[in-house]
Amino acid sequence: MNTRGLRSQLKDSVPVTGMGPQVGAYGVQDTLRSGFSSVKNELLPSHALELSEKNFQLNQDKMNFSNLRNIQGLHAPLKLQMEYRAARQIQRLPFLQSSHLALDTLKGNDESISFEDILNDPAQSEMMGEPHIMVEYKLGMM
Amino acid sequence: MATLSVCQPQLGGFSFENCKRNAVLEAEVTKLGCNVPSARKTGTTICGVVFKDGIVLGADTRATEGMIVADKNCSKIHYISPNIYCCGAGTAADTEMTTQIISSNLELHSLSTSRLPRVATANRMLKQMLFRYQGHIGAALVLGGVDCNGPHLYSIYPHGSTDKLPYVTMGSGSLAAMAVFEDRYKQDMEEEDAKRLVRDAIAAGIFNDLGSGSNIDLCVITKGRVDYLRPHDMANKKGVRSQRLIRPVYAYKQGTTGVLTKSVIKLDLEVVEETVQTMDTS
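Just so we're clear, the structure is a prediction, and the values are computed from it rather than from any experiment.

Trainee: What am I meant to see in the overall build of chain A here?
Mentor: For chain A, the helix and strand inventory stands at 8 helices and 0 strands. Starting at the N terminus and walking to the C terminus, you meet the elements of chain A as α-α-α-α-α-α-α-α. Split into buried and exposed, the 142 residues of chain A put 15% on the buried side. Considering only contacts within chain A whose residues lie at least 6 apart along the sequence, 50% involve residues at least 24 apart. When the accessible surface of chain A is split by element, carbon and sulfur atoms take 55% of a total near 10500 Å².

Trainee: Just checking my understanding: could you explain the sheet that holds strand β6 (residues 84-90) of chain B for this structure?
Mentor: The strands that make up a sheet are held in pairs by hydrogen bonds between backbone atoms, and each pair lies either parallel or antiparallel. Residue and element names in this part refer to chain B. Read from one edge of the open sheet, 5 strands run β5-β6-β7-β8-β9, paired in antiparallel fashion. Each of the sheet's edge strands pairs with one partner strand only, and the pair in question is β5 (77-81) and β9 (162-164). Averaged over all pairs of adjacent strands, the angle between strand axes in this sheet comes to 20°, irrespective of strand direction. Here 4 bridges tie β5 to β6, and the two strands are oriented antiparallel to one another. Within the sheet, the bridge partner assigned to Ile77 lies in β6 and is Cys87. On top of the sheet, helix α2 (residues 92-113) reaches β5, β6 and β7 (139-147); it is set at about 15° to β5, its chief contact.

Trainee: When you look at the packing of helix α4 (residues 174-184) of chain B against helix α5 (residues 191-208) of chain B in this model, what are you seeing that I'm missing?
Mentor: Think of two packed helices as two axes; the pair is described by the angle between the axes and how far apart they sit. Residues and elements named next belong to chain B. For the pair α4 and α5, interaxial distance at closest approach is 7 Å and the crossing angle is 145°. Between α4 and α5 the crossing geometry is right-handed. Within the contact between the two elements, α4 uses Ala176, Ala177, Val180, Phe181 and Arg184 and α5 uses Arg196, Leu197, Val198, Asp200, Ala201, Ala204, Gly205 and Asn208. Split by residue class, the contact of α4 with α5 holds 8 nonpolar, 2 polar and 3 charged.

Trainee: I would appreciate a short explanation of the side chain of Asp60 of chain B in the present structure.
Mentor: Residues and elements named next belong to chain B. Mapped onto the elements of the fold, Asp60 is located in strand β2 (residues 54-60). For Asp60, a relative accessible area of 0% corresponds to the buried category. Within the local environment of Asp60, its side chain forms a polar contact with the backbone nitrogen of Thr45, the two atoms lying 2.9 Å apart. Residues contacting Asp60, with those up to four places away along its chain left out, are Thr44, Thr45, Cys74, Lys76, Ile202, Ile206, Gly211, Ser212, Gly213 and Asn215.

The rules behind the values
Residues numbered from 1 in each chain as written. Chains lettered and ligands numbered in written order. Predicted model: local features only at pLDDT ≥ 70, side-chain atom pairs only at ≥ 80, totals over all residues. Heavy atoms only, no water. Helix = DSSP H or I, 4+ residues; strand = E, 2+ residues; numbered from the N terminus. Buried < 20%, exposed > 50% of the residue type's maximum accessible area, 1.4 Å probe, protein only. Contact = heavy atoms within 4.5 Å. Areas by Shrake-Rupley, 256 points an atom, 1.4 Å probe, with all protein chains shown as cover. Pairing = 2+ DSSP bridges. Axes fitted to C-alpha atoms, helices over the stretch in contact; angles between N-to-C directions. Left-handed = near helix turned anticlockwise from the far one by under 90°. Nonpolar A, V, L, I, M, F, W, Y, C, P; charged D, E, K, R; others polar. Polar contact = N/O pair within 3.5 Å; in protein donor to acceptor, adjacent residues only side chain to side chain.

See the structure below:
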């Protein structure tokens, strides 16, 4: 199993939420949310921790899998990744909240509490997605 | 609010959406000469010492917000688990939330292992979390407790480095408190000596540092017993206001003026006329 495959999923640039790089709701730039637009703003992250937090889980997994491969051999990360992939597929379509129960149990997230559980609860989010657009985005049709 | 469509499902945790906007606002505000509101810090003197049977943790009780005292009696010794307590200096919200998260994680961990949690576990969890956020979480902690291997005391810095020592101090008053420790610390002290030493160290911090003040809280942890003494010593007591200065009282007590003579004259009155006037109640 090539752990380098995970590197292709790391994000070097952070897409701004919205329909496009500089475009907000009505086709003009969203000054309230993203400040005054400039090329530098679009390319660099807005906070020192932004990239590191976005890639944190991926980096942890990469480190753990390569440790596991060195200690127990190739089969260990291979089997685990297969289980993760299977658990990731048994969820609802993107618009509705899925519980991620199997995935959390495999990753050990059911026994720990972190900022993901306390801050910015998706159930309390002010914005609602549009079901068709979200499904199209997930299936890659958009 | 304009309709915005979201392509990906929302995730929990920190959201950096407003960072650029905040940076722009801050630049604008400083150009006008005003100040952005600052986070409430705890200023603080916190310290801990290992004695013969356990740990004594001590803290002052003042929380500052810039130059103003925000809380005259805040509690800086936080509960982590029945045998582990943690003092927090730095940004008040950060220390509060960090210790609560670690306390929850340690409870889940101890339920899953069915053992009393160890201080080294709490230390490892705290340092990994603080390093993950690269010092942006401003929490400087003194962690102490007694577990199956005896008493342990750690100091944890906001960027994630830790030290395991027999006596530690943190906060803006740490130098004053450390001076007292360096002078009078001995190995294997008795409990009363250790309490007196910690009380004097915190008092040194309170009287010599602007960021620390008010009372002294102590927490004594030994195997099987925790004494949370709040307040242990009220070093700065506010005076009692005299009633007369708020609202001057013109009534004097009976007997203020001495009575020299007393004469009573009875007036004979007789009824001349009696009339009744009815009230109009319609």
